[in-house]
Amino acid sequence: MKRFEGKVVLVTGGNRNTGLDLVERFVREGAKVYMCGLTAESTAEGAAKLEQRGVEGVVSVPCDISDAAQVTALFDTIERESGRLDILVNNAANQGLGHGGPLEMDPAMFFDVFKTNVVGGFQVTQEACNRFFMKQESRGSVVFLSSNTAKRAIRNRTAYCSSKGAINSMVRALALDLAPLGIRVNCCAPGYIYTDRWDVLDPEKAARRRLNCPLRHEAKGSDIAGVVAFLASDDSANMTGEIVTCDAGCSCQHMPEDVDV
Ligand SMILES: NC(=O)c1ccc[n+]([C@@H]2O[C@H](COP(=O)([O-])OP(=O)(O)OC[C@H]3O[C@@H](n4cnc5c(N)ncnc54)[C@H](OP(=O)(O)O)[C@@H]3O)[C@@H](O)[C@H]2O)c1
């Protein structure tokens, strides 16, 4: 018996990078998976990549999760086609790249990042709970993707780091309120993950990043998928409100080896 046989899963941002591995993991473990990207084009591109990997049966629906009407339409599709939802993975993120430092960044950009990462994630979770989890005997499980940057900042990413800190707090608050209702809310906080952004990285910079990892390598998307699947599954039935770090040991080190003198 596969772990997610008979389960219906939604992965936001499932069309790219880590999202593709999350979708693949749930499909391989028996789930019916819905995924969304921000635009029709990027969602279709993701669907094509999944097909190339031999990941079948995924339903892809474009949805800007920061837009309440689009979130409602996405859930209308799931309700019409599957009539249930068991697991929500809040993976979509605005990376807040290129906004510059805190002295020059446009505050509107800060708002954009929060609109997707915090308000969007909340909106999707609320809809999942009201539309499905509260009506199902087996309730449901929510997993957010945060980041180790919620606790230890990286440069020129004020909005992103702040949004991930807000996600950690939101996970604990949601977990507390939803626990009596039988709904679990947990979180995976990755460090470096290999994505297509590494493909254009100066090899020296990539090597330096790896040296910054006590385990000497960044996560693969499938490493993150393993943690998320655990948190979504009954294997973590007695866990809620947890933030599980998966960062090659970065959070436990004070300084990388080459400057630890
Ligand atoms: N990569 C890392 O090293 C790293 C480290 C720590 C934490 N994380 C977290 O892990 C998760 C996955 O990271 P990643 O690097 O694989 O992500 P990514 O490559 O930046 O992809 C982000 C995904 O979110 C979608 N998205 C963005 N805004 C959206 C919106 N408003 N509505 C719906 N979808 C939206 C994007 O869709 P489009 O493709 O249509 O734009 C894309 O699929 C994220 O939550 C990220 O913050 C990543």
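Before going into details, it helps to say that this report is about the structure given with it. Fair warning: this is a prediction, and the values are worked out from it, not measured in the lab.

Thresholds applied
- Residues numbered from 1 in each chain as written.
- Predicted model: local features only at pLDDT ≥ 70, side-chain atom pairs only at ≥ 80, totals over all residues.
- Heavy atoms only, no water.
- Near = heavy atom within 4 Å.
- Polar contact = N/O pair within 3.5 Å; in protein donor to acceptor, adjacent residues only side chain to side chain.
- Areas by Shrake-Rupley, 256 points an atom, 1.4 Å probe, with all protein chains shown as cover.
- Nonpolar A, V, L, I, M, F, W, Y, C, P; charged D, E, K, R; others polar.
- Helix = DSSP H or I, 4+ residues; strand = E, 2+ residues; numbered from the N terminus.
- Core = buried A, V, L, I, M, F, W, Y, C linked by side-chain atoms within 4.5 Å.
- Buried < 20%, exposed > 50% of the residue type's maximum accessible area, 1.4 Å probe, protein only.
- Contact = heavy atoms within 4.5 Å.
- Pairing = 2+ DSSP bridges.
- Right-handed = clockwise from strand over helix to strand, strands pointing away.
- Phe/Tyr/Trp six-rings, centres within 6.5 Å; stacked < 30°, edge-to-face > 60°.
- Lys NZ or Arg CZ within 6 Å of the ring centre and 35° of its normal.

With that settled, the discussion passes to the site of the ligand. Surveying the vicinity of the ligand reveals 28 residues, the closest of which are Asn 15, Arg 16, Thr 18, Ser 42 and Tyr 160. One nitrogen or oxygen atom from the side chain of Ser 42 is found 2.4 Å from an oxygen atom belonging to the ligand. Taking Asn 91, its main chain carries an N or O atom lying 2.8 Å from an oxygen atom of the ligand. Burial of the ligand by the surrounding chains reaches 91%, relative to a free accessible area of 900 Å². A breakdown of the residues in the shell around the ligand according to their chemical character gives 10 nonpolar, 14 polar and 4 charged.

Right, let's get into the environment of Glu 137. Secondary-structure assignment places Glu 137 in the loop between helix 4 (107-131) and strand 5 (141-145). Glu 137 sits 45 residues away from Gly 182 along the chain, and the two C-alpha atoms are 9.2 Å apart.

Right, let's get into the nonpolar core. Counting 31 residues, the largest nonpolar core has Leu 10, Leu 74, Phe 75, Leu 85, Phe 133, Phe 144 and Val 185 as its most contacted members. The greatest single-element share of this core, amounting to 6 residues, is contributed by helix 5 (residues 158-178). Those residues within four positions of Leu 85 in sequence are excluded, and the remaining contacts are Val 8, Val 9, Leu 10, Phe 75, Ala 128, Phe 132, Phe 133 and Gln 136. Within the second largest apolar cluster, 28 residues are counted, among which are Val 9, Val 11, Leu 145 and Ile 224.

Attention now goes to the pairing of strand 6 (residues 184-190). A large share of strand 6 lies buried, amounting to 7 of its 7 residues. Neither face of strand 6 is open: one carries Arg 184, Asn 186, Cys 188 and Pro 190, the other Val 185, Cys 187 and Ala 189, and all of them are buried. Sheet topology note: the strand 5/strand 6 ladder contains 5 bridges and is parallel. Looking across to strand 6, one finds that Val 142 is bridged to Val 185. This β-α-β element, strand 5 to helix 5 to strand 6, shows right-handed connectivity. Taken together, the 4 bridges between strand 6 and strand 7 (residues 243-246) define a ladder with parallel strand orientation. By the bridge assignment, Ala 189 is partnered in strand 7 with Thr 245.

To continue, consider unusual backbone geometry. Look at Asn 156: it is not a glycine, yet its phi comes out positive at around 55°. Positionally, Asn 156 belongs in the loop between strand 5 and helix 5. We note that Arg 216 has phi near 75°; this positive angle belongs to a residue other than glycine. With respect to the element layout, Arg 216 can be found in the loop between helix 6 (203-211) and helix 7 (221-232).

Take the packing of aromatic side chains next. In the structure shown here, the tally under the stated rule is 5 aromatic pairs. Geometrically, the ring pair formed by Phe 110 and Phe 114 is stacked, given 5.3 Å between the ring centres and 15° between the ring planes. Here Phe 110 pairs with Phe 114, and both are found in helix 4, just 4 residues apart, close to one helical turn. Feature note: the residues Tyr 192, Tyr 194 and Trp 198 constitute an aromatic cluster, connected by ring pairs. Lys 32 extends its terminal NZ or CZ atom over the ring of Tyr 34, reaching a point 5.9 Å from the ring centre. Residue placement shows Arg 209 over the ring face of Trp 198; its charged tip is 4.9 Å from the ring centre.

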